[in-house]
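Descriptive structure summary
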Amino acid sequence: MIRHHFDLPSLTALEVFEASARHLSIKLAASELGVASGEISRQIQAIEDELGLSLFVRSGTGVMLTSAGKDLYSVLASGLSKASDVVRTIKRGGLSRDVTIASTDAFASMWLIPRMPRFLSQHDDITVDHLISDSSRDYRRAEVELRIRYGCGSWPNEAAELLFSDVIYPVCGPGFAQEHSDATAKCLAELPLLHVEGIQSGWAGWDEILRRAKIPHGPLRGHRFSKFFVALQAAQADQGVAVGWDRLVRTWLEEGKLVRITDLKLDARGGYYLTWNDNRTVSPGAERLREWLRKISAEERNA
């Protein structure tokens, strides 16, 4: 029997490192793997001792990867993705019909999920799993083949195609709009504004919008939410004014659940991109979903 010797830390230690690097948190890695935080720290220390290098820089709020840590994580993430491809292919006899797509809570609930019945009716042999989170740290790269994300189109180790751009404008409930029928863009800062915090990087909040519109303002009042969808529900209930992203709220406007208030309208700085790992080949199921997303996004762009 031929034996190969690989100069690597234990697989357990590498699994611990991968989870810690993905979350940038010892505590979250411990929760995911079902072990104590002390065991996570011990495994990481063992790898660092073996390599003679630090992989993390510890801080009060978590950990950050060193240059060596980034190199190791990049290789591990790519390797896990490729291993996942092989396992999936073996299980499906070489023709995987399963695909996992990741997106934020707002995009999934307000754009993707309402359109998925069209895809599933045309491809009933494909099983689509949705990984929905506003934090990219929740995405295991080995599990996610496709991802829809907002930004400027450039992310490490990912190919990206623009699905569509967007515009933003203030929205509120019909009752609130009637009560403030004389409102103008210049007086927005004086109205109760609905703020969304902790959402993905790049999404514009009220402070940025008012600054871009050159509307003077001091500290902004209003309720705060951690979910965009819930902020829109509050707007529908006449609790204040929310930031409306046209691609996401257009249906609510057409149904009369929300209305625009003032004539303020700005181009979003980024766009919605379909991305995938450029170090792996997508499965047949993912390819068909990717082609369908390209098609319907083009239809909506040209509508």
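Anything mentioned here points back to the structure above.
Let me begin by describing the structure that accompanies this report. (Residues numbered from 1 in each chain as written. Predicted model: local features only at pLDDT ≥ 70, side-chain atom pairs only at ≥ 80, totals over all residues. Heavy atoms only, no water.)

**A word on the packing of aromatic side chains**
Each aromatic ring pair is specified by the distance between its two centres and by the angle formed by the two planes. If you walk through the whole model with that rule in mind, you get 11 aromatic pairs. Plain terms: the ring middles of Phe107 and Tyr272 are 5.2 Å apart, the flat faces sit at 40 degrees to each other, and that makes the pair tilted. Of this pair, Phe107 sits in helix 5 (residues 105–122) while Tyr272 sits in strand 11 (residues 266–277), and the two are 165 residues apart along the sequence. Phe107 gets classed as buried once you look at its relative accessible area, which sits at 1%. Judged by relative accessible area, Tyr272 falls into the buried class, the value being 1%. Site record: aromatic cluster; members linked through ring pairs are Phe107, Trp111, Tyr150, Phe164, Trp245 and Tyr272. The aromatic ring of Trp252 is capped on one face by Lys257, whose charged end is 5.4 Å from the ring centroid. Between the NZ or CZ atom of Arg290 and the centre of the ring of Trp276, over which it lies, the distance is 4.4 Å. (Phe/Tyr/Trp six-rings, centres within 6.5 Å; stacked < 30°, edge-to-face > 60°. Helix = DSSP H or I, 4+ residues; strand = E, 2+ residues; numbered from the N terminus. Buried < 20%, exposed > 50% of the residue type's maximum accessible area, 1.4 Å probe, protein only. Lys NZ or Arg CZ within 6 Å of the ring centre and 35° of its normal.)

**Quick word on the pattern of salt bridges**
Counted under the stated rule, the structure contains 16 salt bridges. In this structure, Arg22 engages Glu18 in a salt bridge whose closest nitrogen and oxygen atoms are separated by 2.9 Å. On the criterion of helical spacing, the pair formed by Arg22 and Glu18 is a turn pair, its members being 4 residues apart in helix 1 (residues 11–23). Classification of Arg22 by relative accessible area gives buried; the value is 5%. The exposure class assigned to Glu18 is buried, which follows from its relative accessible area of 5%. Among the ionic pairs, Glu255 bridges to Lys257, the shortest N-O distance being 3.2 Å. Taking relative accessible area as the criterion, Lys257 reaches 33% and is therefore assigned partly exposed. Residues joined in a network through salt bridges with shared partners are Glu18, Arg22 and Glu32. (Salt bridge = Lys/Arg side-chain N within 4 Å of Asp/Glu carboxyl O.)

**Looking at helix 10 (residues 284–302)**
For helix 10, with 19 residues, the first-to-last C-alpha span of 27 Å sits near the 27 Å given by 1.5 Å per residue. For helix 10, the complete set of buried residues consists of Gly285, Ala286, Leu289, Arg290, Trp292, Leu293, Ile296, Ser297 and Glu300. Angular distribution of buried residues about the axis of helix 10 spans 165 degrees; they occupy a single face of the element. (Expected span 1.5 Å × (residues − 1). Arc of directions from axis to C-beta.)

**Things to note about the pairing of strand 4 (residues 127–132)**
For strand 3 (residues 98–103) and strand 4, the ladder comprises 6 bridges, and the chain directions are parallel. What sits directly across from Thr100, in strand 4, is Asp129. (Pairing = 2+ DSSP bridges.)

**Details of the environment of Leu264**
Structurally, the position occupied by Leu264 is in the loop between strand 10 (259–260) and strand 11. Separated by 96 residues in the primary sequence, Leu264 and Ile168 place their C-alpha atoms 8.5 Å from one another. Not counting residues up to four positions away in its chain, the partners in contact with Leu264 are Ile168, Tyr169, Pro170, Ala185, Leu188, Ile209 and Ala213. (Contact = heavy atoms within 4.5 Å.)

**A word on unusual backbone geometry**
Even without being a glycine, Leu24 presents a positive backbone phi close to 50 degrees. Mapping Leu24 onto the fold places it in the loop between helix 1 and helix 2 (26–33). The phi dihedral of Lys214 falls on the positive side, at around 60 degrees, and the residue is not glycine.

**A look at the environment of Arg288**
On the secondary structure map, Arg288 appears in helix 10. In this structure Arg288 comes out as partly exposed when scored by relative accessible area, which is 25%. Residues Arg288 and Val99, spaced 189 residues apart in sequence, show a C-alpha to C-alpha distance of 9.7 Å.

**Examining the nonpolar core**
By size, the foremost hydrophobic cluster in this structure holds 65 residues, and its most contacted members are Trp245, Leu248, Leu289 and Leu293. Those residues in contact with Leu289, other than ones at most four positions away along the chain, are Val99, Ile101, Met116, Phe119, Val128 and Leu146. Core analysis: the next-biggest nonpolar cluster, separate from the first, contains 20 residues, Ala29, Ile44, Phe56 and Tyr73 among them. (Core = buried A, V, L, I, M, F, W, Y, C linked by side-chain atoms within 4.5 Å.)

**Quick look at the packing of helix 1 against helix 2**
Helix packing geometry: the angle between the two helix axes and the distance between the axes. In contact at an axis separation of 8 Å, helix 1 and helix 2 are set at 125 degrees when each is read in the N-to-C sense. By the angle between their directions, the pair helix 1 and helix 2 is classed as oblique. Relative to helix 2, the crossing made by helix 1 is right-handed. The segment helix 1 lies against helix 2, with Glu15, Val16, Ala19, Ser20, Arg22 and His23 engaging Ile26, Leu28, Ala29, Glu32 and Leu33. Of the residues that constitute the contact of helix 1 with helix 2, the class distribution is 6 nonpolar, 2 polar and 3 charged. (Axes fitted to C-alpha atoms, helices over the stretch in contact; angles between N-to-C directions. Parallel < 35°, antiparallel > 145°, perpendicular 65-115°, else oblique. Left-handed = near helix turned anticlockwise from the far one by under 90°. Nonpolar A, V, L, I, M, F, W, Y, C, P; charged D, E, K, R; others polar.)

**Looking at the side chain of Arg280**
The topology assignment puts Arg280 in the loop between strand 11 and helix 10. Given the relative accessible area of 8%, Arg280 is considered buried. Polar side-chain contacts of Arg280 include one of 3.2 Å to the backbone oxygen of Val144. (Polar contact = N/O pair within 3.5 Å; in protein donor to acceptor, adjacent residues only side chain to side chain.)

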